[in-house]
Amino acid sequence: MSITLEQVATETVTTKQPQVVLSALDPQEVYEAVTNAANTSQTMRELHTTKLQTSLFPDLVAGLCQRLWDNQVQFGSGDPFDIFLLTEDTDLEELAEDSTENIVVRQALERLIPLSTQREKKTSFLIDAYCAGAGCELPELRTLGLRRSLSRQDQLDLLIALLKQTSWPRQMMRGTEETSDSLFPLPRLIMHIDRIQYIAHCSPTDVAQYTAALTYMIEALGDGFTLWLNIDDDDPSFPEEVKRALGQRFLASITHDLTAAWTSTEPAGPPTR
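Residues numbered from 1 in each chain as written. Predicted model: local features only at pLDDT ≥ 70, side-chain atom pairs only at ≥ 80, totals over all residues. Heavy atoms only, no water.

1. A closer look at the overall build of the protein chain
A count of helices and strands for the protein chain gives 11 helices and 5 strands. Within the protein chain, the proportion of its 273 residues that are buried is 48%. A separation of at least 24 residues holds for 72% of the contacts in the protein chain among residues at least 6 apart in sequence. Carbon and sulfur atoms provide 48% of the accessible area of the protein chain, an area that totals close to 13700 Å². (Helix = DSSP H or I, 4+ residues; strand = E, 2+ residues; numbered from the N terminus. Buried < 20%, exposed > 50% of the residue type's maximum accessible area, 1.4 Å probe, protein only. Contact = heavy atoms within 4.5 Å. Areas by Shrake-Rupley, 256 points an atom, 1.4 Å probe, with all protein chains shown as cover.)

This is the structure we're talking about:
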């Protein structure tokens, strides 16, 4: 099993195309395998890792967005918009247009990026409420200079814009439009979502919305992105339960399934780690 994990880890950090992995392993083992693959690969420059846990929120997509936002806040030491590296020559309108096609998110970026640099407690609180999905009242929106709260789609597009800038800054992307499939020179963004078995206890509608959001992120982030879903539980029945919950459409997007040993017909227990 460890050899298979090593092979998959190597492919996920060196292949240009987006990768989707499903595993049932110790999270630390997965993280170490990917890190080792990145450190030993000659085609790898840098690795950006986002580690999440499947939420216990009634709304799985809301939980995903909340945890992604929290990660961005931590990455930016309290200011997730710090990653845009503003200078005196920065054209905010151009920056926003380069970051997303979503008009609402463009307008939000134009307002929130300069506001975040003020580091005022009240403003930071409002930005957090606005971006995390809690929403703002009309007076609070006026304080931010924005017309309305973000929809769930807007929220996803904002988070995708932040993830792109975190891993592939605009300065780095210039002149790198054409890269070979075998040599992807840009940093790899790997999103680990642990305890994916929680979705087996959620409603089919909620899981369908969750997988739709994940699929949207895979397509939007594209080349250089790996989504790694992990089952963190020794119950050998979970892999099949998770696959049933994910549905055939999402399963078709999985490029590497490392749960095969768990679903073996042999009476043995979980694979040796």
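2. Details of the sheet that holds strand β2 (residues 47-53)
The 5 strands lie next to each other as β2-β3-β4-β1-β5, forming an open sheet whose pairing is parallel. Looking at which strands have only one partner, the edges of the open sheet turn out to be β2 and β5 (256-257). Two elements, strand β1 (residues 19-23) and strand β4 (residues 225-230), share 5 bridges in a ladder whose sense is parallel. Bridging from a neighbouring strand, V20 pairs with L227 of β4. Across the sheet, helix α3 (residues 60-75) lies against β2 and β3 (188-194), angled at about 135° from β2, the strand it touches most. (Pairing = 2+ DSSP bridges. Axes fitted to C-alpha atoms, helices over the stretch in contact; angles between N-to-C directions.)

3. With respect to the packing of helix α8 (residues 152-167) against helix α10 (residues 204-221)
Between α8 and α10, whose axes approach to 11 Å, the crossing angle comes to 40°. Classified by the angle between their axes, α8 and α10 sit oblique to one another. Judged by the sense of rotation from one axis to the other, the crossing of α8 with α10 is right-handed. Taken together, the residues of α10 that come into contact with α8 (itself represented by Q153, L156, D157, I160, L163 and K164) are A213, Y216, M217, A220 and L221. (Parallel < 35°, antiparallel > 145°, perpendicular 65-115°, else oblique. Left-handed = near helix turned anticlockwise from the far one by under 90°.)

4. Description of α10
Between its first and last C-alpha atoms α10 spans 26 Å; for 18 residues at 1.5 Å apiece the expected length is 26 Å, and the two agree. Listed as buried for α10 are D206, V207, Y210, T211, A213, L214, M217, I218 and L221. With its buried residues spanning 155° around the axis, α10 presents them on a single face. Summarising the geometry of α10, the exposed residues directed more than 90 degrees from the buried face are P204, T205 and E219. (Expected span 1.5 Å × (residues − 1). Arc of directions from axis to C-beta.)

5. Re the pattern of salt bridges
Enumeration according to the criterion identifies 5 salt bridges in this entry. One salt bridge in this structure joins D154 and R148, with 3.1 Å as the shortest N-O distance. Classification of R148 by relative accessible area gives partly exposed; the value is 40%. (Salt bridge = Lys/Arg side-chain N within 4 Å of Asp/Glu carboxyl O.)

6. Re empty space enclosed by the protein
Within the structure shown, the criterion is met by 1 cavity of 30 Å³ or more. Together, L52, Q53, T54, S55, L60, G63, L64, R67, I193 and Y210 line the largest cavity. Looking at the lining of the largest cavity, the elements with two or more residues in it are β2 and α3. Per element, the largest residue contribution to the lining of the largest cavity is 4 residues, and it comes from α3. Of the residues belonging to the lining of the largest cavity, the class tally is 5 nonpolar, 4 polar and 1 charged. (1 Å grid on protein atoms, 1.4 Å probe; cavity = no way out; pocket = protein on both sides within 12 Å on 5 of 7 lines; lining within 4 Å. Points joined across faces, edges and corners; volume = space filled by probe spheres on them. Nonpolar A, V, L, I, M, F, W, Y, C, P; charged D, E, K, R; others polar.)

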